[in-house]
Every structure is written in C-alpha cells, then in structure tokens.
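One-letter residues, chain by chain:
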Amino acid sequence: MRTFALTVLGLTFLFLFMAVSRGTAENVKFGIPGLTMTMMPLAVAKERGYFQQEGLNVELVLMPAALTIKVLLSGDLDYTTTIGSAVVASIRGIDVRVVMCFVDRPLFDLVGTLEINSVADLKGRLVGISSRGGVIDVATRQMIKQSGVDPAQVTLLIVGGQTEMLVALKAGRISAGLLSPPQNFLAYREGLKNLGFAGAYIRIPSTGVVAMRDRLERNPDQVRRVLRALSRARVFARDNKAAVMPILKRFLKLEDDDLLSKIYDYHQRAETPDGRIDTGLAAETIRDFRQAEGVAREISVGQVFDFSYLEPLR
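Per chain, the residues get numbers from 1 upward, laid out in the order the sequence is written. Given that this is a predicted model, residues contribute local features only at a pLDDT of at least 70 and side-chain atom pairs are listed and counted only at 80 or more, while totals for whole chains, interfaces and linings are drawn from all residues. Excluded from the side-chain calculations are hydrogens and water; all other atoms, namely the structure's heavy atoms, are used.

So, about the layout of surface pockets. Remark: the empty space left among the atoms is shown by a probe the size of a water molecule rolled over them. The pocket and cavity definitions rest on a 1 Å grid over protein atoms only: a 1.4 Å probe that fits but cannot leave marks a cavity, an open set with protein on both sides within 12 Å along at least five of seven lines marks a pocket, and residues lining either have an atom within 4 Å of a point. Grid points are joined across faces, edges and corners, and a volume is the space filled by probe spheres set on the points. Within this model, the largest pocket holds a volume of roughly 1,200 Å³. Runs of H or I in DSSP of at least four residues are treated as helices and runs of E of at least two as strands, each being numbered from the N terminus. Listing elements by their share of the lining of the largest pocket, those giving two or more residues are α4 (65-74), β3 (79-82), α5 (83-91), α6 (135-146) and α7 (162-171). Its residues assigned to classes, the lining of the largest pocket shows 21 nonpolar, 19 polar and 6 charged. By the convention adopted, Pro, Cys, Tyr, Trp, Phe, Met, Ile, Leu, Val and Ala count as nonpolar, Lys, Arg, Asp and Glu as charged, and the other residues, Gly among them, as polar.

At a minimum axis distance of 9 Å, the contact between α4 and α5 shows a crossing angle of 55 degrees. Looking at the two axes, α4 sits oblique to α5. When the axes of α4 and α5 are compared, the crossing they make is right-handed. Residues Ala-65, Thr-68 and Ile-69 of α4 pack against Ser-85, Ala-86 and Ala-89 of α5. Its residues assigned to classes, the contact of α4 with α5 comprises 4 nonpolar, 2 polar and no charged. Simply put, an axis is a line fit to the C-alpha atoms, just over the touching stretch for a helix, and the angle between two N-to-C directions goes from 0 to 180 degrees. We call two directions roughly parallel when the angle between them is under 35 degrees, roughly antiparallel when it is over 145, roughly perpendicular when it lies between 65 and 115, and oblique otherwise. Two helices crossing with the near one rotated counterclockwise from the far one by less than a right angle form a left-handed crossing, whereas a clockwise rotation gives a right-handed crossing. Here, residues are in contact when the closest pair of their heavy atoms is within 4.5 Å.

Let's shift gears to the side chain of Asn-184. Its location among the elements puts Asn-184 in helix α8 (residues 183-189). Exposed residues in this analysis have more than 50% of their type's maximum accessible area, buried residues have under 20%, and partly exposed residues fall in between, with area computed by a 1.4 Å probe over protein chains only. Overall, Asn-184 belongs to the buried group, its relative accessible area being 0%. Among all residues touching Asn-184, those that are not within four sequence positions of it are Asp-109, Val-111, Leu-179 and Tyr-266.

The subject of this paragraph is the pairing of strand β7 (residues 155-158). At least two DSSP bridges between two strands are needed for those strands to be called paired. For strand β6 (residues 126-129) and β7, the ladder comprises 4 bridges, and the chain directions are parallel. Each bridged residue has a counterpart across the sheet, and for Val-127 the counterpart in β7 is Leu-156. Note that the unit made of β6, α6 and β7 has a crossover that is right-handed. Convention used here: a crossover is right-handed provided that the path from the first strand, over the helix, to the second strand proceeds clockwise when the strands point away from the viewer.

Glancing now at the packing of helix α2 (residues 40-47) against helix α10 (residues 220-239). The N-to-C vectors of α2 and α10 enclose an angle of 100 degrees; their axes lie 8 Å apart at closest approach. In this view, α2 runs roughly perpendicular relative to α10, as classed from their interaxial angle. Judged by residue contacts, Met-40, Pro-41, Leu-42, Val-44 and Ala-45 of α2 engage Ala-229, Leu-230, Ala-233, Arg-234, Phe-236 and Ala-237 from α10. Here the contact of α2 with α10 is composed, by residue class, of 10 nonpolar, no polar and 1 charged.

Taking strand neighbours across the sheet as the criterion, the 5 strands line up as β2-β1-β3-β10-β4 in an open arrangement whose pairing is mixed. Each of the sheet's edge strands pairs with one partner strand only, and the pair in question is β2 (56-62) and β4 (96-101). Direction aside, neighbouring strands of the sheet carry axes that sit 30 degrees apart on average. Summarising the sheet, β4 and strand β10 (residues 207-212) pair through 5 bridges and their orientation is antiparallel. In the sheet register, Val-98 faces β10, and the bridge partner there is Val-210. Those strands touched by α10 are β1 (26-32), β2, β3, β4 and β10, and its axis lies near 30 degrees from that of β4.

Our next topic: the nonpolar core. We call a set of buried Ala, Val, Leu, Ile, Met, Phe, Trp, Tyr and Cys residues a nonpolar core when their side-chain atoms join them within 4.5 Å. Among the nonpolar cores identified, the biggest contains 94 residues, and Phe-30, Val-44, Val-209, Leu-230, Leu-248 and Phe-305 are the most heavily contacted of them. With 8 residues, the top contributor of residues to this core is α10. Aside from chain neighbours lying at most four places away, what touches Leu-248 is Met-37, Met-40, Lys-253, Leu-260 and Tyr-264.

Neither face of strand β5 (residues 109-112) is left uncovered, since the one carrying Asp-109 and Val-111 and the one carrying Leu-110 and Gly-112 both have all their residues buried. Across 4 bridges, β5 lies against strand β8 (residues 176-179) in antiparallel orientation. The residue of β8 that forms the bridge with Gly-112 is Ala-176. Where β5 and strand β9 (residues 193-197) come together, 4 bridges link them in antiparallel fashion. Looking at β9, one finds that Gly-112 is bridged to Lys-193.

In structure tokens form, the structure reads like this:
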C-alpha cells in the first residue's frame, strides 16, 4: 500500500508539472508550405520534445508558400520556412530575415516525360513551375541555362504545387518540371525520367527559419530557443536514421519503408552543417532572385540573412 501511495503521489506531481509546463509554454506558429522532407527538423523537434524543453508549444500551419510572408506580416504567424519567398519579400522592401538554413541547395530533380532525354530536348516545350520568382522558378532557369539552352526558348508554365506538377507531367500537359521527394521517386516508378539533380547545378537555400525583423528585436530569447531546439533536432536526425524513420512515416504519412529510406538519404545531400550559409552564397542567392524579379537595386546580405541568433560555432 505504501508503494502504491508513493507511486500515486509521484504521478500526481508529474501531471501537475506537465499541466503547469503546458500552461506557461509560449505558443508559436510556424507556417509551412507542405509536409515535405525539408520540414524534418520541425517534425523531429516536436516529437522528440525539444520545443517543449525550450518552453515552446509549436503549431505547424499548412499554407501555400506564396501566402506565408503575407500571413507573417499580418502577425498571424510567428515564423515561416520558405526562404525563397523571404528573399523575394526582402527585395520588395519587406523587413524580413532568414535566421537559419536547413539546406543550401534545392532538393529537386528535373523530371521529364518519356520523349524527353535531356534538358536540350526542352527547346520549344512547356516546363512547369510553382510560381514566379520562387526557388523552383530560379532553379529551373539555372538548370536550363547551364545546360546550354536559352531560357527564352522554353515556356515556363505555372501549374501549382508538387502534387499538381506530378499530375501535369503524367498527363503530358508539361514536358518537364522540378519535383522534390517523394514525388520525384513516385514519378520514376511511373517511368518518368530524371534529367538532373537541381543541387548539382545551383546552390540556393530553400528551407529554414524566417521571421520579421521586428520579432527578432522584440523577442530575441524566443528566437534563440526556437533555433536551439531545431539545431538539436537536426543533429539527432543526422545521426539516428533508424529512430527518425517512424517520425517521418507519421509526418509524411508514408508507409513505404523503401521510399522513406530513399527520401532520407536524398535529403542529406543538401543539409547545411550548422544552419548557416557563407556570405558568398547568400549574395549569389539575392542576386539570382533580383534578376528573376527584375530588380536592379542592390540588396545587402545583412538585409536578408542574419545568423547571429544561432549558437556560436565551437
């Protein structure tokens, strides 16, 4: 009876502690464009309890990439993950900052239909993109240009997100388009062709943590805690593939173990070691988006990227 009483008492204190923790945790909303592999740090940080240990109750809010900055600006989101949209917004004069980069190159394959054997075959063809000025737009143009094809000889057509891109490819409405996991691997199962890994042509950060500069100044402690939790999640995920697979299965809603393993390995091709990118790459990223947007005005790296909230390098 005494042991039972002590057990009940211990559980009571535990539940009280958990209730108090939930009550005092800061609510944080992250806008994400989809349940994709590049969002893995967020999924791992939530499931492993890293956010909770930093006193944060994080909610992931699904919305189109084109809307994330608008909603962030309205105050209905605290952070977003779409770096491309953030760079475009900054170029247009919105005071937004990229404070962490998960990957430093686009995790996309250029996938073509059966009659397309190389990028050169895309002359005079329709190529799908998700939106004007985004990462897919910039990466597609660069792949075409670096393959010796004048981008003006290819028609870029806005078809929507990754699901819509795959549907358009299978239906033959477009001849090629950039697909990220798992859509690229699903496309290959359908017999579609891999025309090249975008990350081999261009380095450009696509996913990370974005916030308004006002938030950084008002609540720098919260920003540091968010980034610390995500840094821990990234290290854990990098070193513990077997333990991460069940988390990915739930997050991506995929039961195919072979597909999940391929997605995990593919993602590691583009991960940044510590959440930072070098000044040269940051400047190139800004330049590429300025050209895509037709903006001649110079934009400094510090107006877009700020990694000072990350833990110091050791």
